Amino acid sequence: MSNASPQYDKAAASKANVLLNDFLDPWKRAIIGITALKFTAFVLVNIQLILIAGLISGMALHNLSIHDFYAGLVCIALAGAGRPLMNYFSNCQSAGLTEKITVTLRSDLFEEIQRGYLPVHQDKSPAGITLGLLNKTEVIAPYFTRYIPQMILCIMMPLAVLVYLMTINWVCALLILVMSPAIPIFMIIIGRGSEEKSREQWDSLAQMGGYFMDRLQGITTLYLFNQLGKQSEQVKYFAKSYGDQVLKVLKIAFLSSAVLEFLSAIIIAGCAIFIGLNMIHYINYGPQGGASLRSGLIILLLIPEYFIAFKTLGNYYHDRGHALGAVISLQEAGFFNTIPDIGKQAPGEELRDKIFTPNGKPAGEEDIFLPLPLIFKNVDFAYSEKKQLFKNFSLVVGPCDKVRITGPNGSGKSTLVALLLGWQKPRGGIILLGKQRIESLSEAELFREISVINQQTSIFQGTIRSNILMGASLPDTELWEDVIIPAGLHMLLEKLPMGLDTYLAEDGKSISGGERQKIALARALVRKSRIIILDEPLTHLDPASAENFAIMISKVGHHKTIVVTGHGEAYGAFEEYREIKLTAYAD
Amino acid sequence: MLTKIPGIYKKLSRAQWVGIFLAVSALSCGLLLVSCSAWFITATALTGLGIIGLQGYNIFLPSSVIRFLALARPVNKYFENRYTHRVTLDKLSLARAWVFDKILMFKKAELVKFRSSRLLSELINDLEDMDQLYQAVILPWITAAILFLLAGSVAYFLLPTVAVLLAGLFSIAGIIIPYLSFRATTGPEEESLLIRRQAHIDIMTWLRGFRDLRQFGLLNGNRMLIESKLVCEQYIRSASKMKLAYWQLLQQFILQLGLIAIIFLAEKQRGQIEMTTIVLIVVTWLALAEILYLLPAAAQQLSRTNWSGNSLAEWDKTKDTTLAENLSLPAIYDLEVKNVNVAYKGRDVLTDFNFKFQAGLITAVTGCNGSGKTTLLDMLSGLRCPDSGIAGINGKAAHFFNPEQLNNHIAYMEQHATLFNISLFENIALARTDATEREVTDAAIRAGLGPEIRHNPKFLDNIAGELGKNISGGQARMVALARIILKDAPVLLLDEPTEGLDTKAEANFMNLLTTWKGKKTIVMVTHKKALVSIADRQCHLG
């Protein structure tokens, strides 16, 4: 049992990079703020180290008055107090920014899901999207709050140290400078090599989780086929090979950080020995003032500070890999492919919300009018070039027409419904509701006319009443008369002691499939829609419930247009409907 | 605090101790490098100025020690990194295998609970949190403790008061403050994880109910609710980070005070001890303090792992139940349910239910949704126990029999066809691992995958994808059916075998059923009239 590892190509990586750069814009100021605070803390550390070196050398050489000593100590304490404060402020800043970025990203992603999540695309599993929304958005923020500030600091911090050392002892500064070309190489290793590698690591991490999940969710199946005993061995084996893979990736990172350690250690040792030998006049080279105890200690204490920015970057380098990996996988799932306007809501959206607020009145004032006709005119549709689903398809569903759409699996029954609701765009031809084209109608206008009942109706946490009303308001007497009795729900409600106030748990496990569909019908009745579309409504029902439900539909459907899709014997109850047979095009 | 964490995480293995040893030695190399260099510079400077004479010291020994340390430190660091990561990864695989071992010990009747995807994602999140325990929590803390112990004992010989100071500072900055930051972040971390779990469920509901919500214009409203939960989660987390930042601030203040105290002590002792020692102590302290700075963050990580560890601890309580289930199957048997009662979430599903599924006959189980059809099959296969009564074989409950033998005799096609993310061929072949390629392909063709295989001879090599997302629901069902065919068990339990199949595939299944008739004991849940008419008997529920 092996899983092939998906390889991300360069194009995907650069696309993700573009997106990350675009995200950077609104946060620029906050990021610069964090960087500035961190840099100030760094400067304070260095000042403190210089002061300490001065004080100690003064103590050692006995040329320090007690007054100077206390003054020095106070200065050290002041610099020492400044550093924690700066760190505190920058930590708070970056915590706040992380929060802001994650929330914004999630909101944008939500927006995109809402716009683009077409239930026709069954391959987009809710579980995958949920994880994307929660976990993947979370790993992006550290890239902005840790990685980017550290990148900037990587230029500023060493430069500051180098300039200062130059003024003290140019030989040591030169030594550092000579050794420094290794640093850009190190950065390139980190930047290029391990970027890809760390993405691979991210991949194999996801793979590990996926593998484990895959086996766990099928545990009853494994048990039933006596395969469970083998699994624990296989999990061990897979995890081990996963570990090898990860370690291979990490080796590069370890090696590059070892190179850095080596450079820093060599420079410390080199400078220490050079200064030491200079001071006992074993060698006589370099600036005269540079060979004092004070300057020697300063150099010694500041050299590690020269490298500290790179070391920290080495700790954060995987932030970038994780962020890129997350963006790439989100983009592959179809999100963030256009740059979202952060913080800006599409103007149409707001308007739509106004028209269609949950507490607004259910549209149905024009009750006395007949339903609008539905017209498909020469519609072409295909999911891919190879597989043409509809060609020149025409259909007229007149007012109060009763239509039944049949055909084998994959002949396009559900696609027809999706086209009708504007969830899919036809490649050619037009679809009209009355005189208006479907795509010119807003969702609110469309759903004022049309109610859809799907294979499986979703039940939401709340009372039965709220599940029927779905945000509309209707007095109970009217609800019973116009909705509950016609939908055949009174039998259920009379059995329940709490009646309409019975609380349904999430996913509505306590009510049967037949009752679910009746609730869906009741929802349509509440809204007084004149066109009801039933997309394979009987799939999850047993024969008795299916028959019962079909009768209910016929009863309430007198002054309504009804379109039913579905095949199989259960749909016999809709026999007298006009049948439209779809045939599957061969590929 | 850590008592509730599962056993496998609690005890440090030898490898983990070796990792700690490597970390200690890498850190002390670094410490020694800086302090030796400082000592060297001071000693040479004082000699150069004639304050002390270096004749007692060999210049070349310290300088070669410095050069040695400069080499040893990076090498040591490299191996520490490799080793500790290796240890972490080993632990990771051990933990995964541990979960599976525990599952093996489960009462088989509890396995059905894994059909809930929520439980699974929680379990995986918990495990991933626990993977961090060693490297992010244990390693830095123990390493810091050991280093302080070492430094303290060295300091004791040089300047006893410094040793006392070090002990005091470590207990405040290394133990008390990390503990306080652990305490301060535990609440928020728990809270945010709980909210996150809730939001997880909410998002799933939102996506599942997407069409209906959209129709009623409730998409935005419900989204706002979920988003506000997510905002809360983030807010709590950032508040927790700010609390951590506060404790870090306090810790750093205390460590700065420690620095002042050490310099002050050194000044007081200036006459008694050598100046080189004073430099040594101050420089070493600067490096030691840097190690302590990391500890509050480790404590925050601990509060996260602690929570996950507690929820994983439940697994430790799993008792080995494998021995209890070891009756051998009789040669001829009927499946039987006697006086069975089952309730689900407070609703009676089966009450005092009796039925005998005779050997060699096809029994069709019918009934409305929620009348307990799937529960009945689960009980017969030993995946679930009735609340009272007996469901099993010849009057004995199914879960008393040797599960392996039972599974060899009973082939159960579950309601949801579970496909693993391996090729379709392997998916079918797991029913009988000794089957030849020919047998597997035959089973697939008999199950109705013939047209696909004819169209594309490599069809069975396709990878099923996560949860079988690469193939259609009908095809997944046929794969599940092919498993049953390949297994060729005398008893078949079929849960809605034709659901989601089109007419052609359904006809194919009917043929298959007729060939089995009279040869196998079949219990079949179905709504289809045609299938009920083939059955010898009917069992109506509800």
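Residues numbered from 1 in each chain as written. Chains lettered and ligands numbered in written order. Predicted model: local features only at pLDDT ≥ 70, side-chain atom pairs only at ≥ 80, totals over all residues. Heavy atoms only, no water.

1. Considerations on the overall build of chain B
Check the secondary structure of chain B and you find 17 helices and nine strands. Scored against the burial criterion, the 542 residues of chain B give a buried share of 58%. Accessible area of chain B: about 22,500 Å², with a carbon and sulfur share of 60%. (Helix = DSSP H or I, 4+ residues; strand = E, 2+ residues; numbered from the N terminus. Buried < 20%, exposed > 50% of the residue type's maximum accessible area, 1.4 Å probe, protein only. Areas by Shrake-Rupley, 256 points an atom, 1.4 Å probe, with all protein chains shown as cover.)

2. Let's talk about the sheet that holds strand β10 (residues 561-565) of chain A
Residues and elements named next belong to chain A. Taken in spatial order, the five strands line up as β6-β9-β10-β3-β11 in an open sheet, and their pairing is parallel. Across the chains shown, the open sheet's two edge strands, defined by having one partner strand only, are β6 (450-453) and β11 (578-581). Going from strand to strand, the sheet's axes swing by 20° on average, the running direction of each strand aside. As judged from the four bridges shared by strand β3 (residues 402-406) and β10, these two strands associate in the parallel manner. Counted as the bridge partner of I405 is T565 from β10. In the packing of helix α11 (residues 413-420) onto the sheet, contacts are made with β3, β9 (531-535) and β10, and the angle to β9 comes to roughly 145°. (Pairing = 2+ DSSP bridges. Axes fitted to C-alpha atoms, helices over the stretch in contact; angles between N-to-C directions. Contact = heavy atoms within 4.5 Å.)

3. Let's talk about a nonpolar patch on the surface
All names here are of chain A. Among the surface-exposed residues, M166, W170, L174, L177, V178 and Y285 lie close enough to one another that they form a single nonpolar patch of about 590 Å² accessible area. A per-element tally of the nonpolar patch places helix α5 (residues 170-179) first, with four residues. Relative to the assigned elements, L174 resides in helix α5. You can call L174 partly exposed: its relative accessible area is 42%. (Patch = residues over 30% accessible without salt bridge, like charges linked within 9 Å, V, L, I, M, F, W, Y side chains within 5 Å. Salt bridge = Lys/Arg side-chain N within 4 Å of Asp/Glu carboxyl O.)

4. A word on the interface of chain A and chain B
With 146 residues of chain A at the contact, the number on the chain B side is 146 residues. Of the roughly 13,300 Å² buried between chain A and chain B, counting both surfaces, carbon and sulfur atoms make up 68%. It is Y223(A), L224(A) and F225(A) that lose the most area in chain A upon contact with chain B, and together they represent 6% of the buried surface on that side. Inspection of the chain A/chain B interface yields seven salt bridges. One salt bridge in this structure joins E233(B) and R106(A), with 2.9 Å as the shortest N-O distance. Applying the counting criterion to the chain A and chain B interface returns 18 residue pairs in polar contact (both at pLDDT 80 or more). Ranked by the residues each element gives to the side of chain A that touches chain B, the list is headed by helix α8 (residues 228-279) of chain A, at 32 residues. A breakdown of the residues in the side of chain A that touches chain B according to their chemical character gives 79 nonpolar, 41 polar and 26 charged. (Buried area = accessible area lost by both parts, 1.4 Å probe. Polar contact = N/O pair within 3.5 Å; in protein donor to acceptor, adjacent residues only side chain to side chain. Nonpolar A, V, L, I, M, F, W, Y, C, P; charged D, E, K, R; others polar.)

5. Concerning the pattern of salt bridges
Two side chains carrying opposite charge are able to pair once their charged atoms lie near each other. Applying the stated criterion across every chain yields a total of 32 salt bridges over all chains. In this structure, E439(B) and R432(B) form a salt bridge, with 3.0 Å as the shortest nitrogen-oxygen distance. A residue is classified by how much of its surface remains accessible, and E439(B), at 32% relative accessible area, is partly exposed. In the salt-bridge network here, residues are joined through shared partners; they are R106(A), E138(A), R196(B), E233(B) and R237(B).

6. A short note on the packing of helix α8 (residues 219-268) of chain B against helix α9 (residues 275-293) of chain B
Residues and elements named next belong to chain B. α9 packs onto α8 with a crossing angle of 170° between their chain directions and a minimal axis gap of 10 Å. When the axis of α8 is compared with that of α9, the two are roughly antiparallel. Residue-level contacts link Q248, Q251, Q252, L255, Q256, G258, L259, I262, I263 and A266 of α8 to I278, I281, V282, W285, L286, A289, L292 and Y293 of α9. Within the contact of α8 with α9, the residues separate by chemical class into 13 nonpolar, five polar and no charged. (Parallel < 35°, antiparallel > 145°, perpendicular 65-115°, else oblique.)

7. Some details on the packing of α8(A) against helix α9 (residues 293-332) of chain A
Residue and element names in this part refer to chain A. Relative to each other, α8 and α9 sit at 175°, their axes nearing to 10 Å. Taken together, the axes of α8 and α9 lie roughly antiparallel to each other. Contacts between α8 and α9 pair L250, A253, L260, E261, L263, S264, I267, I268, C271, A272, I275 and M279 from the former with L293, G296, I299, L300, I303, P304, F307, F310, K311 and Y317 from the latter.

8. Let's talk about the packing of aromatic side chains
Going through the model one piece at a time under the given rule, you end up with 21 aromatic pairs over all chains. Plain terms: the ring middles of Y143(A) and Y147(A) are 5.5 Å apart, the flat faces sit at 20° to each other, and that makes the pair stacked. With Y143(A) and Y147(A) both in helix α4 (residues 141-168) and four residues apart, the pair spans about one turn of that helix. Taken individually, Y143(A) and Y147(A) each receive the classification buried, so the pair is uniform in this respect. Where Y156(B) meets F157(B), the ring centres are 6.1 Å apart and the plane angle is 75°; that geometry is what we call edge-to-face. (Phe/Tyr/Trp six-rings, centres within 6.5 Å; stacked < 30°, edge-to-face > 60°.)

9. Re the side chain of D378(B)
Residue and element names in this part refer to chain B. When you line up the elements, D378 lands in helix α11 (residues 373-381). A polar atom in the side chain of D378 sits 2.7 Å from the side chain of Y412. Those residues within four positions of D378 in sequence are excluded, and the remaining contacts are V112, R115, L383, R384 and Y412.

10. Brief notes about the sheet that holds strand β7 (residues 491-495) of chain B
Residues and elements named next belong to chain B. A sheet is described by the order of its strands in space; here five strands give the open sequence β6-β7-β8-β3-β9, paired in parallel fashion. Of all the strands in the sheet, just β6 (410-413) and β9 (537-540) have a single pairing partner and so form its edges. The average angle at which neighbouring strand axes cross in this sheet is 15°, direction not considered. Pairing of β7 with strand β8 (residues 521-525) involves five bridges; the strand directions are parallel. What sits directly across from V491, in β8, is T521. In the packing of helix α15 (residues 473-487) onto the sheet, contacts are made with β6 and β7, and the angle to β6 comes to roughly 175°. Sitting on the sheet, helix α16 (residues 503-516) is in contact with β3 (362-366), β7 and β8, with an inclination near 150° to β8.

11. Some points on the confidence of the model for chain A
All names here are of chain A. Across chain A, pLDDT averages 78, with 83% of residues at or above 70. At the level of individual helices and strands, chain A shows its lowest average pLDDT in helix α10 (residues 347-355), which scores 38, and its highest in α4, which scores 90. Predicted confidence for residues 119-123 stays below pLDDT 50, and this span has seven contacts to residues more than four positions away or in other chains. (pLDDT = per-residue confidence, 0-100.)

12. Some remarks on the pairing of β3(B)
Residue and element names in this part refer to chain B. With five of five residues buried, β3 is to be regarded as a mostly interior element. A two-sided burial pattern is seen for β3, the buried positions comprising I362, A364 and T366 on one face and T363 and V365 on the other. In the sheet, β3 pairs with β9 via four bridges, with the strands oriented parallel. Within β9, the residue paired with T363 across the bridge is R537.

13. Overview of the nonpolar core
Among the nonpolar cores identified, the biggest contains 281 residues, and F144(A), I263(B) and W285(B) are the most heavily contacted of them. For this core, the element with the most residues is α8(A), which contributes 24 residues. Contacts of I263(B), omitting those with residues within four sequence positions, involve I52(A), L55(A), M59(A), F69(A), L73(A), I76(A) and V282(B). Grouped together as the second largest cluster of nonpolar side chains are 39 residues, I468(A), V483(A), L534(A) and I562(A) included. (Core = buried A, V, L, I, M, F, W, Y, C linked by side-chain atoms within 4.5 Å.)

14. A closer look at α4(A)
For α4(A), spanning 28 residues, the distance from its first C-alpha to its last is 40 Å, which sits close to the expected 40 Å at 1.5 Å a residue. Along α4(A), the largest kink reaches about 35° and is centred on L153(A). (Expected span 1.5 Å × (residues − 1). Bend = angle between axes of the 7 residues up to and from the residue.)

15. Let's talk about the environment of N354(B)
Residues and elements named next belong to chain B. Mapped onto the fold, N354 is located in strand β2 (residues 347-357). Here N354 falls in the partly exposed class, since its relative accessible area comes to 41%. When the C-alpha positions of N354 and A391 are compared, they lie 9.2 Å apart, and in sequence the two are 37 residues distant. Filtering out sequence-adjacent residues up to four positions away, N354 remains in contact with V337, K338 and N339. There is a polar contact of 2.7 Å between the side chain of N354 and the backbone nitrogen of N339.

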